[in-house]
Amino acid sequence: MSENSPTVLRNATLADGRAVDVRLEQGRVDDVSPAAGRAGRGELDLEGALLVTAGAEPHTHLDKALVFDRLRPAYGDLLSGMRQWQEHARDLAEDDFVDRAMALSRMFLGNGVTAVRTHAEIFPSGDPLRCVRALARVRARLADVMDLQVVVLPKGDIGDDVVEAALDAGADIVGGSPHTAPDPDAELDRLLALARRRGVGIDIHADERLDASSLTMWRMAKALRAQPLAAGATAMAGHCVSLGLLDATALGPVADDLREAGVSVAAAPLTNLYLQAKDRLTGPVPRAIAPVRALRAAGVRVCAAGDNVRDPLNPLGAADHLVTAGLLVAASHLTIEEAHIAVTDDARAAMGLEPAGVEPGRVADLLAIRAPSLAAAVAGGPYDRTVLSRGRVVSRRVVTEHSVLS
């Protein structure tokens, strides 16, 4: 057994402080037992590193990634960012999308993210399926190290035939942003019909605005309660900023329908805090993020995403699920443990993936980080990271520090 495919992870520290050995078998955790000594041949000594579930990114845009320095977009809101992106992307070649998507995927993997769901835009002219084909190529290249899901992202002026062609070209899931269409209800109905016809999941950008007068994700939840998707197909609503404007009385029925319909909510704290409320120069300024705590309390599955990374809609982004977890602690007042679950277990479940983690029977997608505690890991720091995907070491980061301080 090679050093990249260890049979046992020795001397790991769990989040509860226990020192354990973790036996691996065929990409899964076979056994967890008290630490019993140094590693032997074919085993990996973690030397006390914190061992936790690998991260999952449930909502990002690999196709838009890493163009901020190239484009230097004006400081704007959601619509202006989209306009600048469309203008820039109009003449980009397919290989450009592949190169940037691979670069961002390497960043995710190095930080400990082994599952990514990305949206792929369809362009209204020229070669409309460039992004879809590019991301299908990236998925094939990453198949041994990362679970990559592709969501086709059409606008209202993109016909059903093109969306179906995108699914044929490699997209896994029907997406869209019905709240930006001239007739949001009709656009949502169209997307649901497409998902049902193709037997796939649906993942929409929902209500990414500070206006709760019409809630697309609520209509979707009601529709799915009346007529569910195919067995095994997932439903997700990303952003859901509008829900944060509702009081408890108004939010309750929405949360009930989301829970009963099995619709997961993907909050995107960094991008939405950046994009929303820029026109509110004086108070009160709303907190532009889905009401994560209230939804969780109502039994809705809520995960969290980094979303855009250094593109016209967000100049920031670290491709690091632990950064996203930290934002949930600060902006949504989750505990550190709750925030970590939102970017690991709950994100994987929302994506329809098997559970991973340090428990017998689970997929061995794991992150060993040389932090003294989960709180320290989420707080951030230059910690060594070793990433395992299906029991195989796929990334190692070793931090070397030189300081004049004693």
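Cut-offs and rules
- Residues numbered from 1 in each chain as written.
- Predicted model: local features only at pLDDT ≥ 70, side-chain atom pairs only at ≥ 80, totals over all residues.
- Heavy atoms only, no water.
- Salt bridge = Lys/Arg side-chain N within 4 Å of Asp/Glu carboxyl O.
- Helix = DSSP H or I, 4+ residues; strand = E, 2+ residues; numbered from the N terminus.
- Buried < 20%, exposed > 50% of the residue type's maximum accessible area, 1.4 Å probe, protein only.
- Core = buried A, V, L, I, M, F, W, Y, C linked by side-chain atoms within 4.5 Å.
- Contact = heavy atoms within 4.5 Å.
- Right-handed = clockwise from strand over helix to strand, strands pointing away.
- Pairing = 2+ DSSP bridges.

Notes on the pattern of salt bridges
As a working rule, side chains carrying opposite charge can pair if their charged atoms are close by. Under the counting rule described, the total for this entry stands at 36 salt bridges. Between Asp160 and Arg197 there is a salt bridge, and its shortest N-O distance comes to 3.7 Å. Of the two residues, Asp160 sits in helix H5 (residues 160-168) while Arg197 sits in helix H6 (residues 184-198), which places them 37 residues apart along the sequence. We classify Arg197 as partly exposed; its relative accessible area is 48%. Across the pair Arg259 and Glu260 runs a salt bridge, and its minimum N-O distance is 3.2 Å. For Arg259, a relative accessible area of 31% corresponds to the partly exposed category. Taken together, the shared-partner salt bridges connect Asp160, Glu164, Asp168, Glu187, Arg190, Arg197 and Arg198 into one network.

Regarding the nonpolar core
By size, the foremost hydrophobic cluster in this structure holds 96 residues, and its most contacted members are Ile202, Met217, Met220, Leu243, Leu258, Val263 and Leu295. A per-element tally of this core places helix H3 (residues 94-111) first, with seven residues. Discounting residues that sit within four places of it in the chain, Ile202 has contacts with Ile173, Val174, Leu191, Leu192, Ala195, Met220, Leu229, Thr234, Ala235 and Met236. Ala12, Leu44, Ala364 and Leu366 belong to the second largest nonpolar core, which has 17 residues in total.

Observations concerning unusual backbone geometry
The peptide bond linking Gly283 to Pro284 adopts the cis configuration, its omega dihedral lying at -5°. Within the element layout of this structure, Pro284 appears in the loop between helix H9 (269-275) and helix H10 (292-297). Of note in the backbone geometry, Arg390 takes a positive phi value of approximately 50° without being a glycine. One can find Arg390 in the loop between strand S15 (385-389) and strand S16 (392-397). The class of Arg390 is partly exposed, set by a relative accessible area of 32%.

With respect to the pairing of strand S8 (residues 147-153)
For S8, a buried count of six out of seven residues is recorded, marking the element as mostly surrounded by other parts of the structure. Once the chain exits strand S7 (residues 113-121) it traverses helix H4 (residues 130-142) before rejoining the sheet at S8, and the crossover so formed is right-handed. Sheet topology places S8 next to strand S9 (residues 173-176); two bridges connect them, and they run parallel. Directly across from Val152, in S9, lies its bridge partner Val174. Each parallel crossover has a hand, and the one from S8 via H5 to S9 is right-handed.

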